[in-house]
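Structure at a glance
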Amino acid sequence: MVGTGADVVTVLQDIRNTVGNVPLAWYDDFPHVGYDLDGKRIYKPLRTRDELDQFLDKMDDPDFWRTVQDKMTGRDLRLTDEQVALVHRLQRGQFGDVSFNPYEPSVDFFSGDIMIHPVTNRPADKRSFIPSLIEKEKVSRMVHAIKMGWIKPRRPQDSTPRFYDLWAQEDPNAVLGRHKMHVPAPKLALPGHAESYNPPPEYLPTEEERLAWMHQEPCERKLNFLPQKFPSLRTVPAYGRFIQERFERCLDLYLCPRQRKMRVNVDPEDLIPKLPRPRDLQPFPVCQALVYRGHSDLVRCISVSPGGQWLASGSDDGSVRLWEVATARCMKTVPIGGVVRSIAWNPNPAICLVAAAMDDAVLLLNPALGDRLLVGSTDQLLDAFTPPEEPTLQPARWLEASEEERQGGLRLRICHSKPVTQVTWHGRGDYLAVVLSSSGHTQVLIHQLSRRRSQSPFRRSHGQVQRVAFHPTRPFLLVASQRSVRIYHLLRQELTKKLMPNCKWVSSLAVHPAGDNIICGSYDSKLVWFDLDLSTKPYKVLRHHKKALRAVAFHPRYPLFASGSDDGSVIVCHGMVYNDLLQNPLLVPVKVLKGHTLTRDLGVLDVAFHPTQPWIFSSGADGTIRLFS
């Protein structure tokens, strides 16, 4: 539109892309996207904005939701209200035209009414009134077959019933001979001495045997009659159950199965699963190597240092002992003053700390063994904490050890309101979880060592908690109650999975180093293996022990797991977990280790594997710790 004078000259350029039916991917490496009607290049708009600028434009522009990009020109186009309504109709599966009615009444071309004029004026075919030659040929063939006697007319069927003896031995041409599965008639047992009218004296029952036979049920009697003695055959009376037994004999013949059942010849050896030999699954512990003596009462718990050089044990004699693994020498004894119910060495190699549960407190001990630099850095890490100005309310109290206690190795004391039954560390060594013997949602607490903070992760309780464990690779917390195992996602704060062990009382819990399998021990002598990727029900239940299981453990490196029981034995099993999800884990028991003596009807109370070697430690009620290698 061109104006004169003061009018504004406006030229509307036609920038239609005339590239034709050519893929636009060809222009990815060029600055233009096609050509206009004059043959000039249509350059791409400058795209210098990043995702943040696009997000700001999205928030500032109210029409951003109706703006689309034209692939032919690369420009942004704003859809009109009619175009938006058209898109909405197409998304709902409607027609694009608003005025189109898909439900208009249809007019049938053919109707059932009689019409004057026919639908079509096509004349009738010639074959509709000329005899068919194919039908004539078929009829002539049938007439010829009847004349030759090949086709006989149907005779009237005889309505009289036919009977035959099912058990008779007839010739092969008879009706019975044509039965492929002929079953001979069952035969009665031949009479013996007991059926005689004058049986030997040893067959005659005494008065006590006669009374016992009278009080028995008919199905429990060895004989359905009592042997009697008569002077002659003429004095034998008529048998009272003759008609009844003949009737039962007829029923046996009538109801006998007509089909012969094929016996399945199965070799019993084929029913046993093909498992590899234990010698092919080495290495695993096979014999007792060392005995650690020093405790005066039963040893409830043991824990191995991350390097495998030291061993910590807690006993009912009120002490924590630190041992050298290679020599079975007691390096240090820390008197606690109470029963040590659980002990755990910090899994972080850069921190030298041992957590021991005693009564209602968790004691953090620095064993001061091994590298002095490591011992000093651990003390510096604990001393670097600065308490906050405003202390927050926590479910546990963190107390510093006195100077006298620090000489014995105690560094921190975490006091709770209820007795502590278990303590376990997270894989990184900064968090530890404890289990309290109380009812309610405060049974499980999580402590953070670096900040000295405590928190209760649950709002309600799902039964008495027995054991807890951290997942080795993912932010999961496994909580085992008496009848179930629940897996919680700590970041999402939700229940991920609930496992049903189908046992009466769960006693112990262990997680595979890869994190995809767990094992549970129970007081009803069951070891339950769970495959978390497979199902919430047990993959396999092992019943190798005769008494209650007290502890289960996985080896960190080798495909081994073990269980300790009150029968005084430790059973080591080979548990290979494959990376192929289609292949099930291979579980093979390889060795039964014995050495502990039963004390107070208690046997093995705890088991722990060496972190690098195929060795296993076991603590028992006899006050000893044994190393099997």
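Keep in mind that what you see is a predicted model, and the values were worked out from it rather than measured. (Residues numbered from 1 in each chain as written. Predicted model: local features only at pLDDT ≥ 70, side-chain atom pairs only at ≥ 80, totals over all residues. Heavy atoms only, no water.)

Moving on, we come to the overall build of the protein chain. On a plain count of helices and strands, the protein chain comes out with eight helices and 33 strands. Rg of the C-alpha trace for the protein chain: 46 Å, well past the compact-globule value of 25 Å for 629 residues, more than 25% over. In terms of overall dimensions, the protein chain has a C-alpha envelope of 130 × 115 × 45 Å along the principal axes. Out of the 629 residues belonging to the protein chain, those deemed buried represent 35%. In the protein chain, 46% of the contacts between residues at least 6 apart in sequence involve partners at least 24 apart. Only carbon and sulfur atoms are counted for the fraction: they give 54% of the accessible area of the protein chain, which is about 42800 Å². Charge centroids of the protein chain, computed over 80 positive and 69 negative side chains, lie 9 Å from each other. (Helix = DSSP H or I, 4+ residues; strand = E, 2+ residues; numbered from the N terminus. Rg over C-alpha atoms; globule rule 2.2 N^0.38 Å. Buried < 20%, exposed > 50% of the residue type's maximum accessible area, 1.4 Å probe, protein only. Contact = heavy atoms within 4.5 Å. Areas by Shrake-Rupley, 256 points an atom, 1.4 Å probe, with all protein chains shown as cover. Lys, Arg positive; Asp, Glu negative; His and termini not counted. Charge placed at Lys NZ, Arg CZ, Asp CG, Glu CD.)

One finds Ala355, Val362, Leu364, Val423, Trp425, Val434 and Leu449 to be the most contacted residues of the largest nonpolar core, which totals 20 residues. Elements represented by at least two residues in this core include exactly β11 (354-358), β12 (361-365), β14 (410-415), β15 (420-425) and β16 (431-436). The next biggest cluster of nonpolar side chains, apart from the first, holds 19 residues, and it includes Val320, Ile336, Trp345 and Ala361. (Core = buried A, V, L, I, M, F, W, Y, C linked by side-chain atoms within 4.5 Å.)

Attention shifts here to the sheet that holds strand β13 (residues 397-400). Think of a sheet as strands paired side by side through backbone hydrogen bonds, with each pair either parallel or antiparallel. Taken in spatial order, the five strands make up an open sheet running β10-β11-β12-β14-β13, and their pairing is antiparallel. Of all the strands in the sheet, just β10 (340-345) and β13 have a single pairing partner and so form its edges. Recorded for the sheet is a direction-independent mean angle of 20° between the axes of neighbouring strands. Taken together, the five bridges between β11 and β12 define a ladder with antiparallel strand orientation. Its bridge partner lying in β12, Ala357 is registered against Val362. (Pairing = 2+ DSSP bridges. Axes fitted to C-alpha atoms, helices over the stretch in contact; angles between N-to-C directions.)

We now examine the UniProt feature "repeat: WD" (unreviewed entry) in the protein chain. Following the UniProt record, the feature "repeat: WD" (unreviewed entry) maps to residues 292-333, 542-572 and 604-629 here. The span residues 292-333 is 0% helix and 60% strand, and its two end C-alpha atoms sit 13 Å from each other. The span residues 604-629 carries 0% helix and 62% strand; its end-to-end C-alpha distance comes to 17 Å. (UniProt positions renumbered as here; feature names shortened; annotations may be inferred.)

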